[in-house]
Amino acid sequence: MEKARPASLALSDTVRVTNPGGSSPFVLTCDHASNFLPAEFGTLGLAVEDLSRHIAWDPGALPVALRMAEALDATLVETRISRLVIDCNRPLDAPDLVPPVSETTAIPGNTGLSEKQRAARVALSWQPFHAAIEQIVDGRLARGQETRLVSVHSFTPVYKGRNRPWHIGIIH
C-alpha cells in the first residue's frame, strides 16, 4: 500500500500528470493507479489486507502505464486515490461510482452516503482527474496534435469467485 499522506489533500495530490508535453499521439490514463485512502476515510470499514486487493486498485497497472509513457513519449494521467473512495472509471450517474460492494466485498464506509458526501468525493478525485484529461486533450486538439486515449488497467485472475482465462484484454 502507498505511504500515508496528510488528511487534507490539495487537488494536485489526487491526480498526477506525467510528461504533459508528450509528442506521442497517445494519452494514457490509469484510473485505478492507487490504493491510497485519505485519513478522513479510515479504512472504509475494511480490514487492512483488503486494501491491497484488486477491489482497491489495479495492482501493476501504474508501473506498466509509466513504462508505456516513457517508451512512447506519451502523456499519462493517473488517479492517486483508491477506487473504493470513488471510481474515476465510472460516469457520475453510475450506481457503483462510490461502490457499496466491490466484487463480493461490502464497503461499509460507502453505505448510506448523503448527496453532500457523494459530491465531496466527486470534487476530491473524480472531477480533478477528468478535468486534467479534458485540459490535456483540448490543448492537443487545439494544436492539431493527433490524440488517442488509452486507459491502462489490470485484471484480477479471479473475479466474483470465477477464474478469468485472459492474460490480456483490449476493450473498446
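Everything here concerns the structure above.
Criteria and cut-off values
Residues numbered from 1 in each chain as written. Predicted model: local features only at pLDDT ≥ 70, side-chain atom pairs only at ≥ 80, totals over all residues. Heavy atoms only, no water. Salt bridge = Lys/Arg side-chain N within 4 Å of Asp/Glu carboxyl O. Buried < 20%, exposed > 50% of the residue type's maximum accessible area, 1.4 Å probe, protein only. Helix = DSSP H or I, 4+ residues; strand = E, 2+ residues; numbered from the N terminus. Pairing = 2+ DSSP bridges. Axes fitted to C-alpha atoms, helices over the stretch in contact; angles between N-to-C directions. Contact = heavy atoms within 4.5 Å.

> How should the pattern of salt bridges be read in this particular structure?
A side chain of one charge can pair with a side chain of the opposite charge when the charged atoms of the two come close. All told, the structure shown has 6 salt bridges when counted by the stated rule. With its nearest N and O atoms 3.0 Å apart, the salt bridge here joins R53 to D50. A residue is classified by how much of its surface remains accessible, and R53, at 30% relative accessible area, is partly exposed. Since its relative accessible area comes to 15%, D50 is described here as buried. One salt bridge connects D58 with R83, and the closest N-O pair in it is separated by 2.9 Å. Here D58 is found in the loop between β2 (26-30) and α1 (61-72), whereas its partner R83 is found in the loop between β3 (75-79) and β4 (101-102), with 25 residues between them in sequence. Each member of the pair, D58 as well as R83, carries the same accessibility label: buried.

> Just to check I follow, could you spell out the sheet that holds strand β1 (residues 15-18) for this structure?
Within a sheet, each strand pairs with its neighbour through backbone hydrogen bonds, oriented either parallel or antiparallel. Reading across the sheet, the 4 strands line up as β1-β3-β2-β6 and stay open at both edges, with mixed pairing between neighbours. Strand pairing shows two members of the sheet lacking a second neighbour, β1 and β6 (148-151), which therefore form its edges. Direction aside, the axes of adjacent strands within the sheet are offset by 20° on average. Note that β2 and β6 share 4 bridges and pair parallel. Each residue of the ladder has a partner; that of F26, found in β6, is R148. Sitting on the sheet, α1 touches β1, β2 and β3, and the angle it makes with β2 is about 165°. Those strands touched by helix α2 (residues 115-142) are β1, β2, β3 and β6, and its axis lies near 165° from that of β3.

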